[in-house]
Amino acid sequence: KAGVTQTPRYLIKTRGQQVTLSCSPISGHRSVSWYQQTPGQGLQFLFEYFSETQRNKGNFPGRFSGRQFSNSRSEMNVSTLELGDSALYLCASRPGRMDEQFFGPGTRLTVL
Amino acid sequence: GQNIDQPTEMTATEGAIVQINCTYQTSGFNGLFWYQQHAGEAPTFLSYNVLDGLEEKGRFSSFLSRSKGYSYLLLKELQMKDSASYLCAVDMNRDDKIIFGKGTRLHILP
């Protein structure tokens, strides 16, 4: 089985721009979660989607949004980028509740 | 609110044993995950404890005490490749979130 894939792997943007990141979960996994990882804050939960519905949301501003498609692929969007949005964005999928999460390789976003 | 604490950094010697502690205070609890993350890579699953007690998996063991809000990851016969960050994460039952601690960076010395 193929693992979780994320595109792009690296991205450089400037302040004020917007960005869309993509995640393809493991086949059969309906839950996709997104995390932001920075050296100071560790892994912080952004949101989780299950069967195209946002099931949970972390404490991030409305500039961060996401969606999930019928094939379980997910995208997250960050609008009006700020310098502090520079981070590794990780996507993780799992079959359902109380299951192990499998992480993708991440997208390294740098905001200049 | 949610609070997950683990030491920021630890150092141990090749061949030795190290215990990484994690304490948590959360408003709901299904179980506790441990993940390993090498620098520049994605986290990989190590263990998931739901019931109290010790679960052993090769050189790695994980312990959970639900009443004390406490877990530890025990690494035996340390190898240089064990140098990584170890992330403790609580699987919440109230809203199905998984909340991560900030991770413990483990340095292995020869």
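The present account deals with the structure reproduced in this document. A quick note: this is a predicted structure, and the numbers were derived from the prediction, not measured.

About the thresholds
Residues numbered from 1 in each chain as written. Chains lettered and ligands numbered in written order. Predicted model: local features only at pLDDT ≥ 70, side-chain atom pairs only at ≥ 80, totals over all residues. Heavy atoms only, no water. Helix = DSSP H or I, 4+ residues; strand = E, 2+ residues; numbered from the N terminus. Buried < 20%, exposed > 50% of the residue type's maximum accessible area, 1.4 Å probe, protein only. Contact = heavy atoms within 4.5 Å. Phe/Tyr/Trp six-rings, centres within 6.5 Å; stacked < 30°, edge-to-face > 60°. Buried area = accessible area lost by both parts, 1.4 Å probe. Salt bridge = Lys/Arg side-chain N within 4 Å of Asp/Glu carboxyl O. Polar contact = N/O pair within 3.5 Å; in protein donor to acceptor, adjacent residues only side chain to side chain. Nonpolar A, V, L, I, M, F, W, Y, C, P; charged D, E, K, R; others polar. Pairing = 2+ DSSP bridges. Core = buried A, V, L, I, M, F, W, Y, C linked by side-chain atoms within 4.5 Å.

### Observations regarding the overall build of chain A
- Scanning chain A for helices and strands turns up 0 helices and 11 strands.
- Ordered by position from N to C terminus, the α and β elements of chain A give β-β-β-β-β-β-β-β-β-β-β.
- Counting only C-alpha atoms and orienting by the principal axes, one finds that chain A spans roughly 35 × 25 × 25 Å.
- Taken over 112 residues, chain A has a buried fraction of 49%.
- Nonlocal contacts in chain A, meaning residues at least 24 apart in sequence, comprise 53% of its contacts between residues at least 6 apart.

### Let's talk about the packing of aromatic side chains
- All chains considered together, the criterion is met by 16 aromatic pairs over all chains.
- The interplanar angle of 70° and the centroid separation of 5.8 Å between the aromatic rings of A:Tyr35 and A:Phe45 together place this pair among those described as edge-to-face. Remark: A:Phe45 occurs in strand 5 (residues 42-50) and A:Tyr35 occurs in strand 4 (residues 31-38); sequence separation between them is 10 residues. By the burial criterion, A:Tyr35 is buried, and A:Phe45 matches it.
- A ring pair is formed by A:Phe103 and B:Phe100, whose centres lie 6.0 Å apart and whose planes are at 75°; its orientation type is edge-to-face. Taken as a pair, A:Phe103 in strand 10 (residues 102-103) and B:Phe100 in strand 10 (residues 98-100) lie in two separate chains rather than in one. B:Phe100 matches A:Phe103 in its accessibility class, with the two residues each being buried.

### Regarding unusual backbone geometry
- The omega torsion across A:Thr7 and A:Pro8 is -10°, close enough to zero to call that bond cis.
- Looking at the element boundaries, A:Pro8 is found in the loop between strand 1 (5-7) and strand 2 (10-13).
- The phi dihedral of A:Thr80 falls on the positive side, at around 45°, and the residue is not glycine.
- Mapped onto the elements of the fold, A:Thr80 is located in the loop between strand 8 (74-78) and strand 9 (87-94).
- Backbone geometry at B:Glu77 places phi at a positive 45°, although glycine is not the residue there.
- On the secondary structure map, B:Glu77 appears in the loop between strand 8 (70-75) and strand 9 (84-91).
- The class for B:Glu77 is exposed, based on a relative accessible area of 53%.

### A short note on the interface of chain A and chain B
- The interface of chain A with chain B comprises 22 residues on the first partner and 18 residues on the second.
- When the two sides are added together, the surface that chain A and chain B hide from each other amounts to roughly 1,700 Å², 53% of it contributed by carbon and sulfur.
- Inspection of the chain A/chain B interface yields 1 salt bridge.
- Residue B:Asp91 is joined to A:Arg94 by a salt bridge in which the shortest nitrogen-to-oxygen separation is 4.0 Å.
- Summed over the shared surface of chain A and chain B, the result is 3 residue pairs in polar contact (both at pLDDT 80 or more).
- With 4 residues, the single largest contributor to the side of chain A that touches chain B is strand 5 of chain A.
- A breakdown of the residues in the side of chain A that touches chain B according to their chemical character gives 8 nonpolar, 7 polar and 7 charged.

### With respect to the pairing of strand 6 (residues 53-57) of chain B
All names here are of chain B.
- Where strand 6 lies against strand 7 (residues 60-65), 5 bridges are found, and the strand directions are antiparallel. Along strand 7, the bridge assignment pairs Glu55 with Ser62.
- Hairpin connection, strand 6 to strand 7: the antiparallel pair is bridged by 2 residues, and Gly58 has positive phi, about 65°.

### Points about the nonpolar core
- Among the nonpolar cores identified, the biggest contains 23 residues, and B:Leu32, B:Trp34, B:Leu75, B:Tyr86 and B:Leu106 are the most heavily contacted of them.
- Among the elements of the structure, strand 3 (18-25), strand 4 (31-37), strand 7, strand 8, strand 9 and strand 11 (104-109) of chain B are those that each provide at least two residues to this core.
- Core analysis: the second largest hydrophobic core is formed by 21 residues, A:Phe60, A:Ala87, A:Leu109 and A:Val111 among them.

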